[in-house]
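Secondary and tertiary structure notes
Given next are the chains, with one letter for each unit.
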Amino acid sequence: MDESTLMNPINRNENIRNIAIIAHVDHGKTTLVDAMFRQSGLFREGQSVNDRIMDSMDLERERGITIAAKNCSVVWNGIKINIIDTPGHADFGGEVERALSMADGALLLVDASEGPLPQTRFVLKKTLEAKLSVIVVINKIDRQDARPQAVLNEIYDLFIDLDAEDDQLDFPVLYAVGRSGVAKRSLDGPEEDLQSLFETVVKTIPGPAHSLAEPFQMLVSDLSYSDYLGRLAIGRVFHGSVRSNDQLVCIGENGRPMPLKVTRLQSYVGLVLEEADQVAPGDIVVLSGIDQVKIGDTICHRDAPKALKRLSVDEPTVAMRFSINDSPLNGREGKWVQSSKIRERLVRETRLNVGIKLEENGDKESFVVKGRGEFQMAILIETMRREGFELCVGRPEVILKKENDQVLEPIEQLMVDCDENFLGMVTEKLAMRKARMTNLVNHGTGRVRIQFSAPARALIGYRDEFLTDTKGTGIMNSIFAGYEPYRGDFPTRRTGSLVSDRQGSAVPYALFNLEPRGQMFIEAGASVYEGMIVGEHNRDNDIDVNPCKEKKLTNMRASGKDDAVVCTPVRPMTLERAIHFIREDERVEVTPKSIRLRKAVLNAQQRRKNR
């Protein structure tokens, strides 16, 4: 034992386990947490509980995915297990990194049929870098197409590929049916509950380490807000303990201690927060009433201020321009339309989400928002829309770098799973977008799995086209793989836009006669204005059209009745589809009730001058 260890002895709190649940999207994280809640005795017998209770946001329930990392706890055999449910999408990587900063180990869930996917690689890479203990759970073994042994081999390959250390490779494996609340030590095991899972967690995941010689230190990993208590700082106590009336300070990026007045000390009991007089080292605590605090700050005692290492997250790869809505229909549907309100909301988002960056320029009516991907941006825009904001957003653009006079661009590792009949079409389309095939696997089931190295800009706008090409049966996942030299230009869209040349209401007769020109985005009766995009042109150029044109009446009478005008049903415009469709000179107008496409410059004559 060295001298530093003798002077600064390390202890472990064996009454607590901190564990993050990590997985790819839709591999069963939240469903497994539900089962852990039920079997730990958190709910009384007969209590009515919703499915996926950890998905507290409306968007999470609608989309069936986890967007924000959330905390909860269960008690098993007197040991408190703090659980952090993490997102499985790489666009929300900042949430994963924050969650892992509070954990001592991780449950890695992998689908027994799909196996490790790009986001599995992403979350596991972060876990191994943090030197956390890992328990592998092969979930959904009841699927007809389950192949658990092959998937286990793929998991070992993934660990080796990520340079896992020898002790990390010696991970325990469980086979689970999360929906039924069953975890087994072997495929044909007799277990019918999650007893084996709880035992493995307590045995494999170490209790949180802390030093008796260090003063109280808490790393702020998350922020929340309460209407009654104000801002909430959430984080793990690394050393020491804290009482509700202790005098604390916050150490920010500048390293200067700032006095804090804590109004309440709370910890997680199940899904709810309960007030605590004292919190032990290693526990996850919530401090109330702290206004000036940011994610990554250290909270400690006033008498012994000492900062912990700040959280670091990957840099953003995509940027979008947010601006006020300056269309003729502005202010009719939104509650918040001013640029100051939009800026205030974006600043608040950067404080709560370490993966989002805000960049302001001389233009006070527009802001550049940077993030991990267009899906993360779409979630932010949809959240603002539901809060009553009205704004315009531009096309996502990748963030380029320059090193040694060479332009570098972000590259994605893309995995495609599709029917082998669509293989030729998919590879042809991606090759046109400068993607390179790196691997092809055919399991003999009629479906193939292909890996590509593709520029991030190639995938913007391609996802909808991919679903159309594969008739909705293809699966596409990607993960950031680093920066490489710029691969050259390529066409992003091979069709133009049908642009309204006047303001008014769309007429069925006009829309019916415009249908041969392309696919319409609006229905009869919709309000339109000059510069608004009303459809997609069949050819590659934009044309100005009149969607308000009415049929001229004459005194001539035909022998029969006029043909009834029946317009083709319009596919509803979603936010993601709109963001993927627009070009650099186009915008998406977002209001609480509508999503419209428009040109950045509305006046047709001005657009012709700018060509």
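The structure contained in this document is the topic of the report that follows. (Residues numbered from 1 in each chain as written. Predicted model: local features only at pLDDT ≥ 70, side-chain atom pairs only at ≥ 80, totals over all residues. Heavy atoms only, no water.)

1. Some points on helix H13 (residues 462–469)
- Where H13 is concerned, the buried positions are Tyr-462, Phe-466 and Asp-469. Viewed along the axis of H13, the buried residues span an arc of 65 degrees, placing them on a single side of the element.
- Considering only its buried residues, H13 is in contact with strand S26 (406–419), helix H11 (423–432), helix H12 (456–459) and strand S29 (475–485).
- Just downstream of H13, Lys-471 is the residue with a positive phi angle, here 55 degrees. (Buried < 20%, exposed > 50% of the residue type's maximum accessible area, 1.4 Å probe, protein only. Helix = DSSP H or I, 4+ residues; strand = E, 2+ residues; numbered from the N terminus. Arc of directions from axis to C-beta. Contact = heavy atoms within 4.5 Å.)

2. Examining helix H10 (residues 374–386)
- Between its first and last C-alpha atoms H10 spans 18 Å; for 13 residues at 1.5 Å apiece the expected length is 18 Å, and the two agree.
- H10 sits mainly inside the fold: eleven of its 13 residues count as buried.
- Among the residues making up H10, those that are buried are Glu-374, Phe-375, Gln-376, Met-377, Ala-378, Ile-379, Leu-380, Ile-381, Glu-382, Met-384 and Arg-385.
- Gly-388 sits one or two positions beyond H10 and adopts a positive phi of about 105 degrees. (Expected span 1.5 Å × (residues − 1).)

3. Notes on the pairing of strand S21 (residues 357–360)
- Bridging between S21 and strand S22 (residues 366–371) involves four bridges; their strand directions are antiparallel. Note that in S22 the partner of Glu-360 across the bridge is Phe-367.
- The antiparallel pairing of S21 with S22 creates a hairpin that spans five residues between the two strands. (Pairing = 2+ DSSP bridges.)

4. Observations regarding a nonpolar patch on the surface
- A cluster of nonpolar residues, Leu-400, Val-407 and Tyr-486, forms a patch on the protein surface that exposes about 230 Å² of accessible area.
- Here Leu-400 shows up in the loop between strand S24 (397–398) and strand S25 (401–403). (Patch = residues over 30% accessible without salt bridge, like charges linked within 9 Å, V, L, I, M, F, W, Y side chains within 5 Å. Areas by Shrake-Rupley, 256 points an atom, 1.4 Å probe, with all protein chains shown as cover. Salt bridge = Lys/Arg side-chain N within 4 Å of Asp/Glu carboxyl O.)

5. Describing unusual backbone geometry
- For Asp-163, which is not glycine, the phi dihedral falls at a positive 60 degrees.
- For Asp-163, the location among the structural elements is in the loop between helix H6 (148–161) and helix H7 (166–169).
- You will see that Asp-405, though not glycine, has its phi angle at about 60 degrees, which is positive.
- Residue position: Asp-405 is located in the loop between S25 and S26.
- Of the residues examined, Asp-405 reaches a relative accessible area of 74% and is grouped as exposed.

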